Amino acid sequence: MNLCDYNTLRALLSRHGFHFSRTMGQNFLIDPRIPAGIADASGAGPGWGVLEIGPGAGCLTRELSARAERVAAVELDRKLLPVLAETLAGCPNVTVIPGDVLRLDLAALAADSFPGLRCMVCANLPYNITTPVLTRLVETERFQAITVLLQKEVAYRLAAPQGSSDGGAFSLWLQFFCETEVLFDVPSEKFLPRPKVDSAVLRCVRRERPAVDVEDQDWFFRVVRGAFLLRRKTLANSLASALPEFPKDAIQASITACGLPEGVRGERLTLRDFAKLSEALRSGTA
């Protein structure tokens, strides 16, 4: 069964009485080259366990099943469970787990599903849960690589060069823990139903150690987030609003002590810049 064939997919979903849910962000791929390309790009193979989020009708799941040792596919929409029971009947190394990935214990899921295996994630993520899902996956610390299909604009923002205007607090947070790269674009006509925007495949490979050394990660990220609180304002003004316990002149002195321009904005700082600045503020070494 070609799950990416438009007529085959329509007939399959109709047979099971399935209707797409806009609130769940359901958009299924209808070009077989895309799920095959995503599975190849993920690096899945023998010795790997793959967590998939939102398998839909199972087109990417089957590609992962053909490559990886084990696949655990978490599906929130219970109306898709009978569809997956049919489409994945020939994939004995796949387990479908009903549930919400944002509520599951992902470390326990990985331990139970992939004993003795290296763990990765590969998924066509619903656009509306991208940030919380990526946050959970990175914080779990069990997944060595994350390959996900996202809204194109978001994918490129998360892989934006540090110090560019395209990035933000979350992209820096992600790049602190992972090396990020956009692999290829996927136009909107490759989906059913067709979304209003194009997509892209983002690959995140977990670093052996964070991108920069910091004494206090919580404080470091408080400074990073504070730098983007008032994005159109200078770094000093934004941090003055985010860190009310610091006088603005002390913040400005720390910025200058780090060799940064007086009127610099937060978006122009790299992770290394933020490491120096957060330490200067924390230790009062302005």
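Structural data are supplied above this passage.
Note that the structure is predicted; figures quoted are calculated from it, not measured. (Residues numbered from 1 in each chain as written. Predicted model: local features only at pLDDT ≥ 70, side-chain atom pairs only at ≥ 80, totals over all residues. Heavy atoms only, no water.)

Draft legend 1. Representation of the overall build of the chain within the structure. Of regular secondary structure, the chain possesses twelve helices and nine strands. Referenced to the eigenvectors of the C-alpha coordinate spread, the extents of the chain come out at roughly 65 × 40 × 30 Å. Burial statistics for the chain: of 286 residues in total, 51% are counted as buried. The contacts of the chain with a sequence gap of at least 6 include a subset with a gap of at least 24, amounting to 67%. Summing over all exposed atoms, the chain offers an accessible surface of approximately 13,200 Å²; the carbon and sulfur share of this is 48%. Positive and negative charge centroids in the chain, built from 33 and 32 side chains respectively, lie 4 Å apart. (Helix = DSSP H or I, 4+ residues; strand = E, 2+ residues; numbered from the N terminus. Buried < 20%, exposed > 50% of the residue type's maximum accessible area, 1.4 Å probe, protein only. Contact = heavy atoms within 4.5 Å. Areas by Shrake-Rupley, 256 points an atom, 1.4 Å probe, with all protein chains shown as cover. Lys, Arg positive; Asp, Glu negative; His and termini not counted. Charge placed at Lys NZ, Arg CZ, Asp CG, Glu CD.)

Draft legend 2. Summary view of the packing of helix α8 (residues 169-177) against helix α9 (residues 217-227). Where α8 contacts α9, the two axes come as close as 9 Å, and the packing angle between them is 145 degrees. Every pair of crossing elements has a handedness; the one defined by α8 and α9 is right-handed. The segment α8 lies against α9, with Ala169, Leu172, Trp173, Phe176 and Phe177 engaging Gln217, Phe220, Phe221, Val224 and Arg225. Split into classes, the residues belonging to the contact of α8 with α9 amount to eight nonpolar, one polar and one charged. (Axes fitted to C-alpha atoms, helices over the stretch in contact; angles between N-to-C directions. Left-handed = near helix turned anticlockwise from the far one by under 90°. Nonpolar A, V, L, I, M, F, W, Y, C, P; charged D, E, K, R; others polar.)

Draft legend 3. Highlighting the packing of aromatic side chains. Scanning the entire structure with this criterion turns up twelve aromatic pairs. Centre to centre, the rings of Phe18 and Phe20 are 5.4 Å apart; their planes meet at 75 degrees, and the pair counts as edge-to-face. Classification of Phe18 by relative accessible area gives buried; the value is 5%. Each ring, one from Trp173 and one from Phe177, has its centre 5.3 Å from the other, and the planes form 65 degrees; the classification is edge-to-face. With Trp173 and Phe177 both in helix α8, this residue pair falls four residues apart, about one helical turn. For the pair Trp173 and Phe177, one class covers both residues: buried. Through pairs of rings, three or more aromatic residues link up here, namely Phe170, Trp173, Phe176, Phe177, Phe220 and Phe221. (Phe/Tyr/Trp six-rings, centres within 6.5 Å; stacked < 30°, edge-to-face > 60°.)

Draft legend 4. Representation of the packing of helix α6 (residues 130-140) against α8 in the model. Orientation of α6 relative to α8, taken along the N-to-C sense of each, is 25 degrees, at an axis distance of 11 Å. Classified by the angle their axes make, α6 and α8 are roughly parallel. Viewed along their axes, α6 and α8 form a crossing whose handedness is left-handed. For the pair formed by α6 and α8, the contact residues are Thr131, Leu134, Thr135, Val138 and Glu139 on the first element and Phe170, Trp173, Leu174 and Phe177 on the second. Tallied by class, the residues present in the contact of α6 with α8 amount to six nonpolar, two polar and one charged. (Parallel < 35°, antiparallel > 145°, perpendicular 65-115°, else oblique.)

Draft legend 5. Main features of helix α10 (residues 235-242). Those residues of α10 that sit buried are Leu235, Ala236, Ser238, Leu239 and Ala242. Down the axis of α10, the sector holding all buried residues measures 165 degrees, keeping them to one side. (Arc of directions from axis to C-beta.)

Draft legend 6. Region of the structure containing empty space enclosed by the protein. Taken as a whole and judged by the stated rule, the model has one cavity of 30 Å³ or more. Put simply, the largest cavity is a space of about 60 Å³. For the largest cavity, the lining is made up of 14 residues, of which Gly163, Ser164, Gly167, Gly168 and Leu172 are closest to its centre. (1 Å grid on protein atoms, 1.4 Å probe; cavity = no way out; pocket = protein on both sides within 12 Å on 5 of 7 lines; lining within 4 Å. Points joined across faces, edges and corners; volume = space filled by probe spheres on them.)

Draft legend 7. Seen up close, the side chain of Asn27. Tracing the backbone shows Asn27 in the loop between α1 (6-15) and β1 (28-29). What makes Asn27 buried here is its relative accessible area of 18%. A polar contact is formed between the side chain of Asn27 and the backbone oxygen of Pro193, at a distance of 2.9 Å. Beyond its immediate stretch of four places on either side in the chain, Asn27 contacts Asn124, Phe191, Leu192, Pro193, Arg194 and Pro195. (Polar contact = N/O pair within 3.5 Å; in protein donor to acceptor, adjacent residues only side chain to side chain.)

Draft legend 8. Representation of the side chain of Thr61 within the structure. Examined against the element boundaries, Thr61 turns out to sit in helix α3 (residues 59-65). With a relative accessible area of 0%, Thr61 lands in the buried category. Excluding residues that lie within four positions of it along the chain, Thr61 makes contacts with Glu52, Pro55, Val71, Ala73, Leu88 and Val94.

Draft legend 9. Highlighting α6. Every buried residue of α6 is accounted for by Thr130, Val133, Leu134, Leu137, Val138 and Thr140. In a view along the axis of α6, the buried residues occupy a sector of 160 degrees, so they form one face of it. Just past α6, the residue Glu141 takes up positive phi, approximately 70 degrees.

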